[in-house]
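Okay, here's what each chain looks like letter by letter:
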Amino acid sequence: MSREAPTPSVRQAELLEAAYQYALAHGLADLSLRPLAEAIGSSPRVLLFLFESKDGLLRALLARARADELALLDRARQPDGPGGLVPAVERLWTWLAAKEHRPLLRLWAEAYTRSLVQPDGAWAGFARATVEDWLGVLAGFQPPSERDGEDGVTRRTLALAVLRGALLDLLATDDDARLTLAVEHQLALLHPGTTGA
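As the structure is a prediction and not an experimental result, all values here were calculated from the model. (Residues numbered from 1 in each chain as written. Predicted model: local features only at pLDDT ≥ 70, side-chain atom pairs only at ≥ 80, totals over all residues. Heavy atoms only, no water.)

(A) Fine view of the overall build of the chain. Of regular secondary structure, the chain possesses 10 helices and 0 strands. In the chain, the succession of α and β elements from N to C terminus is α-α-α-α-α-α-α-α-α-α. Expressed as a percentage of the 197 residues in the chain, the buried residues total 43%. Long-range contacts, defined as pairs at least 24 residues apart, comprise 65% of the intrachain contacts of the chain with a sequence gap of at least 6. For the chain, the exposed area adds up to about 11000 Å²; of that, 56% sits on carbon and sulfur atoms. (Helix = DSSP H or I, 4+ residues; strand = E, 2+ residues; numbered from the N terminus. Buried < 20%, exposed > 50% of the residue type's maximum accessible area, 1.4 Å probe, protein only. Contact = heavy atoms within 4.5 Å. Areas by Shrake-Rupley, 256 points an atom, 1.4 Å probe, with all protein chains shown as cover.)

(B) Focus on the pattern of salt bridges. In total, this model carries 10 salt bridges according to the counting rule given. The residue R102 makes a salt bridge to D176 at a minimum N-O spacing of 3.3 Å. One end of the pair, R102, is in helix α6 (residues 102-117); the other, D176, is in helix α10 (residues 176-187), and 74 residues separate them in sequence. D176 gets classed as partly exposed once you look at its relative accessible area, which sits at 24%. Between R178 and D169 there is a salt bridge, with its nearest N and O atoms 2.7 Å apart. Judged by relative accessible area, D169 falls into the partly exposed class, the value being 24%. (Salt bridge = Lys/Arg side-chain N within 4 Å of Asp/Glu carboxyl O.)

(C) Up close: the nonpolar core. L28, V89 and W93 are the most contacted members of the largest nonpolar core, which totals 58 residues. Of the residues forming this core, the biggest block, 9 residues, is contributed by helix α5 (residues 85-97). Contact partners of L28, with chain neighbours within four places excluded, come to A23, L58, L61, L62, L107, E110 and W123. (Core = buried A, V, L, I, M, F, W, Y, C linked by side-chain atoms within 4.5 Å.)

(D) Representation of unusual backbone geometry in the model. Backbone geometry places E52, a non-glycine residue, at a positive phi of 75°. Here E52 lies in the loop between α3 (44-51) and α4 (54-74). Phi at D174 takes a positive value of approximately 60°, unusual for a residue other than glycine. With respect to the element layout, D174 can be found in the loop between α9 (152-173) and α10. By relative accessible area, which is 37% here, D174 ends up partly exposed.

(E) Up close: α5. Its 13 residues give α5 an end-to-end C-alpha distance of 18 Å, which sits within 8% of 18 Å, the value for a rise of 1.5 Å per residue. Of all the positions in α5, only L85, V86, P87, A88, V89, R91, L92, W93, W95, L96 and A97 are classed as buried. Structurally, α5 contributes buried residues whose contacts are with α4, α6, α7 (126-141), α8 (144-147), α9 and α10. (Expected span 1.5 Å × (residues − 1).)

Everything listed here is a matter of geometry and, on its own, says nothing about what the molecule does.
Below is the structure:
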């Protein structure tokens, strides 16, 4: 019989949300329990009790960030709007380029990079999981004939590469106009029937 994860207490959920807001503002790279606990009205001992370890807290924060990212991406779905990958990428880029999403996306970029260079511990699997998350979201925008076709995954992968590359550039430069033009130019390659020739 498999054991289910215990339901978090109200206090644990409150502290996780406060710690997540702290991480959005300060990042995770130099996260230290004492300043975090002080900022959110707790103590290192309570955080260690509730999350079992600093790595446990980091894993909970990464899971919270992934859930937030997926919820926001899901809001990009517009059932009454045009379907298909190209309109979806246009909407997703608009969402990614919005200044109010920069804290979440900086946190994502930090966690993604950490997962690549520190593949064990709290960061384990984060980068791969987010690739799978995004490919799943993009697949949901494709009509079945495109999604299940021979090159449906290739088109999703191209869309993801364009969005992530532009996102990293945007986080580094804040040059929305230049990157929006580049994304729009690349979208021509995502239309069904377009080849890379």
